[in-house]
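Now for the letters of each chain:
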Amino acid sequence: MASQIHANQILDCKGLACPMPIVKTKKAIQVLEAGHVLEVQATDKGSTADIQSWAKNTGHQYLGTVQEGDVLKHYLRKAGPHEAKEEARYPHTITAGELMNKLEKGERMTILDVREPAEYAFHRIPEAKSIPLGELEDRAGELDPAEEIYVVCRTGNRSDLACRQLAGKGYRNVKNVLAGMAGWTGPTESDE
Amino acid sequence: MSTKKGLQAMTAKQLTQYVLNKQELFILDVRNESDFQDWKVEGESIRIVNIPYFDLLDGVDAAMEQLPADQDVLVVCAKEGSSKFVAEQLVEAGRETVSYLEGGMKAWSEHLEPVEVGRMKDGGVIYQFVRIGKGCLSYMIVSGGEAVVVDAVRMVDVFEDFARDKGVRIKHVLDTHLHADHISGGRKLAERTGAVYWLPEKDAGEVVYAYQKLEEGHDLTVGKTTIRIQPLHSPGHTSGSTSILVDDRYLLTGDILFIESIGRPDLAGMAEDWVGDLRHTLYARYKELSEELIVLPAHFGKITELGERGKVAARLGDLYRFNPGLNIQDEAEFRTTVTEHLPQQPNAYQEIRQTNMGLLTPDEEEQREMEIGPNRCAVHDK
């Protein structure tokens, strides 16, 4: 990987045989904050397929796995209850398809990706800028208010929060991309 | 029913006895769904249910509901840890006796069961080694204090120990062809026992080691009594594929002819070129041989191919009547059958071929990984 993937917590399962990596992962994710990313370090080769199946069955998001020597680093994002909740929505939206048309026309714009760095590292729209939602408060100044800003996350929920936050700071040209990366069928890139 | 109580270990050898004796057994396979779909323990008397261990972390109620009241219960996973973990909980939840598979599917894949296939005219014996979890068959022909091993799998200790028990010296080691579904133990066995290693020249391709050419017309003998081991060039699965005729009675067909199917020609990327060879071998070359020959293949595809005590064998004449692969009279239809809609190719078959040529030297753990799953060498395997 070209860059270090940021995780909120690292769980060491090196040298442990099945079922311990999953048993420990389950315990760790129970106390993790929703939306945070857990990095599970394991040496058991079977852990990759097992962690994917486990995440699918439990609703947590499996982001990907990076191998470094003998160590497998699995990245998981804890699903949160707010992701499914409907709140007062930011009114200015654009569909992923419309955004793709604009990109194809070569329009100048900023695509802001507010997901966790680990999610961004594995799968993102080319040239998207990464500022995780949690850092937006401090880093909003990196954005050019004159440019159209399209905010993207996984499903359109975190980006909705980000849009409202930016609007509160006086940014006018901000649109939420629906339905996030889940609706994006255009080109993507990763650090791999 | 087992009479022991509590948590019990079951070895791959004991599980083999359940399969061969058609003894009823309930298996709870706790691997993830995709590994289970790919490959599992099979047997006519075995009932198997898949619930991944990670779905049983909060309690085993879902599994308890499935357990039959009057059958032995075995929990199986990839290596052992998870099955022991689940089996312990089943005992805690009130199930009187629960076994786990010692060494898991890894041990199951590596277990070899020796079976006597028959006797020679001069008193020699031919043994078949059934690798029941993977479907590979190896052979040892023993006579007058000497032995020949054919299509040895990589667990070479089994052959060495067996020869020691029988008080025989392994003199020759043969591969009928360059295998694509499993790693050959032929070369290693020959090195460790001082035997001569034989391989068909046309399959040797880029091999990086020394070998003797297994050629038609070049008979081998074993023991003081003469048991002719006659190679017979029978291409089609590979271009070098060679059958071994032992004592004018047993025909070791390699991966050309199986009991319920025939070999596939595509594993070396040459399906189109080799179809004609395959057809000629099966419909002309073998046709000239005696119908009384006992066919001994290098694989079985389905558990139903296992006969008495696990033996995989059939009269050539019977195969000409019942094997679907020998009953496709139309040449175009034959071509379609063996080149289209073939089953998925064996796991890592390209790497396995390179390993068998000596171009790759994976360690033991990597070899295991490469061999995971069924053999899928036959046209009709699914």
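Note that residues are indexed from 1 along each chain, following the sequence as it is written. Throughout, the order in which chains and ligands are written sets their labels, letters from A for the former and numbers from 1 for the latter. Whole-chain, interface and lining totals are the exception, using all residues; otherwise, since this is a predicted model, local features are given only for residues with pLDDT of at least 70 and side-chain atom pairs are given and counted only at 80 or more.

Our next topic: the nonpolar core. Soluble globular proteins tend to bury their nonpolar side chains together. Think of a nonpolar core as buried Ala, Val, Leu, Ile, Met, Phe, Trp, Tyr and Cys residues, each tied to the set through C-beta atoms within 7 Å. As a rule, residues whose C-beta atom has 12 or fewer other C-beta atoms within 10 Å are exposed, those with 20 or more are buried, and those in between are partly exposed; C-beta atoms are placed from the backbone. Of all hydrophobic cores here, the largest spans 119 residues; its most connected members are Val86, Ile141, Ala147, Val149 and Val173 of chain B. The leading source of residues in this core is strand E8 (residues 136–143) of chain B, at 6 residues. Every helix listed is a DSSP run of H or I at least four residues long, and every strand listed is a run of E at least two residues long, numbered separately from the N terminus.

For every residue, the pLDDT score states the predictor's confidence, bounded by 0 at the bottom and 100 at the top. Of all residues in chain B, 97% attain a pLDDT of 70 or more, and the chain-wide mean is 90. Here the predicted complex carries an ipTM of 0.70, next to a pTM of 0.75.

Turning our eyes to something else, we now look at the sheet that holds strand E5 (residues 93–95) of chain A. Neighbouring strands of a sheet are bound in pairs by backbone hydrogen bonds; such pairs are parallel or else antiparallel. Residue and element names in this part refer to chain A. A strand pair is defined by DSSP finding two or more bridges across the two strands. Pairing in this open sheet of 5 strands is parallel, and the strands run E5-E9-E8-E6-E7 from one edge to the other. At either margin of the open sheet sits one strand with a lone partner, and together these are E5 and strand E7 (129–130). Relative to strand E9 (residues 174–178), strand E8 (residues 149–152) is paired through 3 bridges, and the arrangement is parallel. The residue of E9 that forms the bridge with valine 151 is asparagine 176. Strands in contact with helix H3 (residues 96–104) are E5, E8 and E9; relative to E5, the strand with the most contacts, it is inclined by about 80 degrees. Packed on one face of the sheet, helix H6 (residues 157–168) meets E8 and E9 and runs near 175 degrees to E9. C-beta atoms are placed from the backbone for every residue, and two residues are taken to be in contact when these atoms lie within 7 Å. Here the axes come from fitting lines to C-alpha atoms, over the contacting stretch only for helices, and the angles between their N-to-C directions go from 0 to 180 degrees.

Moving on to the interface of chain A and chain B. Across the boundary between the two partners, chain A contributes 13 residues, which contact 16 residues of chain B. Of all the elements in the fold, those that place two or more residues in the side of chain A that touches chain B are helix H1 (20–31) and helix H2 (47–58) of chain A. For the side of chain A that touches chain B, the element with the most residues is H2 of chain A, which contributes 5 residues.

What follows covers the pairing of strand E16 (residues 294–297) of chain B. Residue and element names in this part refer to chain B. Judged from the 4 bridges that link them, strand E15 (residues 250–254) and E16 form a sheet pairing that is parallel. Paired with leucine 251 across the bridge in E16 is valine 295. Convention used here: a crossover is right-handed provided that the path from the first strand, over the helix, to the second strand proceeds clockwise when the strands point away from the viewer. Handedness of the crossover joining E15 and E16 through helix H9 (residues 271–285): right-handed.

As a general feature of sheets, a regular strand has side chains that alternate between the two faces. All names here are of chain B. Burial of strand E2 (residues 25–29) is extensive: 4 of the 5 residues sit out of reach of the surface. Strand direction decides the pairing type here: E2 and strand E3 (residues 46–50), joined by 5 bridges, are parallel. The partner of leucine 25 across the bridge, within E3, is isoleucine 46. Read as a crossover between parallel neighbours, the route from E2 over helix H2 (residues 33–38) to E3 is right-handed. Note: E2 against strand E4 (residues 73–76), 4 bridges, orientation parallel. Across the sheet, residue isoleucine 27 finds its bridge partner in E4, namely leucine 74.

A cis geometry characterises the amide bond from cysteine 18 of chain A onward to proline 19 of chain A, with omega recorded as 10 degrees. Inspection of the secondary structure assignment puts proline 19 of chain A in the loop between strand E1 (9–13) and H1. Residue alanine 179 of chain A follows leucine 178 of chain A across a cis peptide bond; omega there is -10 degrees. Checked against the element boundaries, alanine 179 of chain A lands in the segment after E9. One non-glycine residue, aspartate 151 of chain B, lies in positive phi territory at about 55 degrees. Counting through the fold element by element, aspartate 151 of chain B comes out in the loop between strand E9 (146–150) and helix H6 (156–166).

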